[in-house]
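Chain residues, written in single-letter form:
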Amino acid sequence: MTARACWSLRTPGGPGAIAIIEIEGDAEAFFASTGIARVAVGRFGLRDFFGIDRGVAARPGERTVQLMPHAGTRVVRAICDALASAGVRERDGGVSMYPEAATALEARMLDALARAASPLAIDLLADQPRRWAEAGLADPPEDAPAPDAAHSGALSRLITPPLVAAIGPANVGKSTLLNALAGRSVALVADEPGTTRDHVGVLLDLAGLVVRYADCPGLRESDNRAEREAVEIALAIVRSADLVLLCGDAGAPPPPLDPPLSAGVIRVALRTDRGRPAWPADAEVCAPRGEGVHALAALVRERLVPRSAIDDPRAWKFW
Ligand SMILES: Nc1nc2c(ncn2[C@@H]2O[C@H](COP(=O)(O)OP(=O)(O)OP(=O)(O)O)[C@@H](O)[C@H]2O)c(=O)[nH]1
Ligand SMILES: [Mg+2]
């Protein structure tokens, strides 16, 4: 199915007890295509919604079905996504988890605001209805071209945190760096190669950009199977990262990454209290003293979401 049924959310978005998702159209085709067990006209019953949640399904009319799942935003969103996958489309123009929104663009903006991870996103998103109106598109269609095409990808990182992976030889201070960036102790530190066995993943606010940060085990030869596997996992994380911090002791160069990465790389010289690096580092840090930590955070933000994108006054395609 189909354009033969469409859904709309009857209850306000945001967490609550029960949401009502109303489907209008060919109800029999709706049950057949979604796998939700049929409800007869005028009846209701407990139903499974795509394995996501169980709730009441009601059939107040021949062509109307109401699904009443738990109203946590994630549950509602997952069910709406599953409806979309089953071919049930959102009702044109108005369906919204945000009934207070005057336009579909405003609803999209409120939805992005609810999901946005980075503080930097808030003002930018809130300003979007004004910017789109200025561009002559007060309510742009879903497939409207992005006025700032060059920047949309970077700015989207303000909504969905990008992955930053720190990697390098063992015992050079990678976990100490993470603790300094986090401003608290999140990773174990010890003067012993192989201290980080499994990667440590945390959400970090780096100069206003929230990133998923993975502190990886040190790269080193080992007879230990678990340690070798930890290094394999670390390399897989690095391959999927948006940005890699290739860390090395200021007194010894970091290893070249082989194969070369598609992601950007920042070469970070650590433990600079023991001397200046003899290799071209992009950042020099002495984490226990806090030296170079803010500058590194700012460099990460600049590489992932450049200031030129943040300051671009044009409308941003954030959906
Ligand atoms: N002198 C000095 N020592 C540091 C500095 N940063 C970290 N260390 C010390 O270096 C040792 C190793 O630090 P870790 O942060 O555990 O190093 P790592 O790279 O995470 O090590 P693995 O997890 O084994 O790969 C610890 O004894 C730290 O206290 C620094 O800037 N200067
Ligand atoms: Mg470590």
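None of the values given here were measured: they were computed from a predicted structure. By convention here, each chain's residues receive numbers from 1 onward along its written sequence. Lettering for chains starts from A, numbering for ligands starts from 1, and both go in the order in which the items are written. Residue-level local features of this predicted model are given only where pLDDT is at least 70; pairs of side-chain atoms are given and counted only at 80 or more, and the full residue set underlies all totals for whole chains, interfaces and linings.

Another point: the overall build of the protein. Secondary structure elements follow DSSP: runs of H or I of four or more residues count as helices, runs of E of two or more count as strands, with numbering from the N terminus. Check the secondary structure of the protein and you find 10 helices and 12 strands. Oriented by its inertia axes, the alpha-carbon framework of the protein measures out at about 75 × 50 × 35 Å. Looking at the protein as a whole, 38% of its 319 residues qualify as buried. Looking at the protein alone, contacts between residues at least 24 apart form 56% of all its contacts between residues at least 6 apart. Partly exposed residues are those falling between the two cut-offs: more than 12 but fewer than 20 other C-beta atoms within 10 Å of their own, whereas 20 or more means buried and 12 or fewer means exposed, with C-beta atoms placed from the backbone. Working definition of a contact: two residues with C-beta atoms, positioned from the backbone, lying within 7 Å.

Here, nearness is defined through the C-beta atom: a residue counts as near a molecule or strand if that backbone-placed atom lies within 6 Å of it. If you check the shell around ligand 1, you find 23 residues, and the closest are G173, S175, D191, T196 and G218. Among the elements that take part in the shell around ligand 1, helix α7 (residues 174-182) stands out by supplying three residues, more than any other. Lys, Arg, Asp and Glu make up the charged group, whereas Ala, Val, Leu, Ile, Met, Phe, Trp, Tyr, Cys and Pro make up the nonpolar group; the residues left over, Gly among them, are polar. Residues of the shell around ligand 1, tallied by class, amount to 10 nonpolar, eight polar and five charged.

Here we come to the sheet that holds strand β2 (residues 21-25). Across the sheet, six strands lie side by side as β3-β4-β5-β2-β1-β6; this open sheet has mixed pairing. Looking at strand neighbours, the two that pair on one side only are β3 (44-49) and β6 (89-90), the edges of this open sheet. Strands qualify as paired when DSSP identifies two bridges or more between them. Judged from the four bridges that link them, β2 and strand β5 (residues 64-68) form a sheet pairing that is antiparallel. Bridge pairing in β5 places E22 opposite Q66. Here an axis means a line fitted to C-alpha atoms, over the contact stretch when the element is a helix, while the angle between two N-to-C directions is reported on a 0 to 180 degree scale. Against the sheet, helix α2 (residues 73-85) makes contact with β1 (5-9), β2, β3, β4 (53-61), β5 and β6, and its axis sits at roughly 170° relative to β1, the strand it touches most.

Turning our attention to α7. In terms of residue burial, α7 counts as a mostly covered element, since seven of its nine residues are buried. Buried within α7 we find K174, S175, T176, L177, L178, A180 and L181. Where α7 is buried, its residues touch β7 (163-167), β8 (200-206), β9 (209-215), β10 (243-249), β11 (264-270) and α9 (293-304). Positioned one or two residues after α7, G183 has a phi angle of 75°, which is positive.

This part takes up the sheet that holds strand β12 (residues 283-284). Taken together, six strands build an open sheet; the order of strands is β8-β9-β7-β10-β11-β12 and the sheet is mixed. Of all strands in the sheet, those bounded by a partner on one side alone are β8 and β12. By the bridge criterion, seven bridges tie β8 to β9 in an arrangement that is antiparallel. The residue of β9 that forms the bridge with D205 is V210.

For the rest of this paragraph, the subject is the nonpolar core. By convention in this section, buried Ala, Val, Leu, Ile, Met, Phe, Trp, Tyr and Cys residues joined through C-beta atoms within 7 Å make up a nonpolar core. A165 and V268 are the most contacted members of the largest nonpolar core, which has 59 residues in total. With residues near it in sequence (within four places) discarded, V268 still touches L245, L246, C247, A281, A283, V285 and L296. Core analysis: the next-biggest nonpolar cluster, separate from the first, contains 22 residues, W7, F30, F49 and A71 among them.

Alternating positions in β2 separate cleanly, I21, I23 and G25 being buried on one face and E22 and E24 remaining unburied on the opposite face. Of the pairings in the sheet, the one linking β1 to β2 comprises five bridges and is antiparallel in character. By the bridge assignment for β2, W7 is matched with I23.

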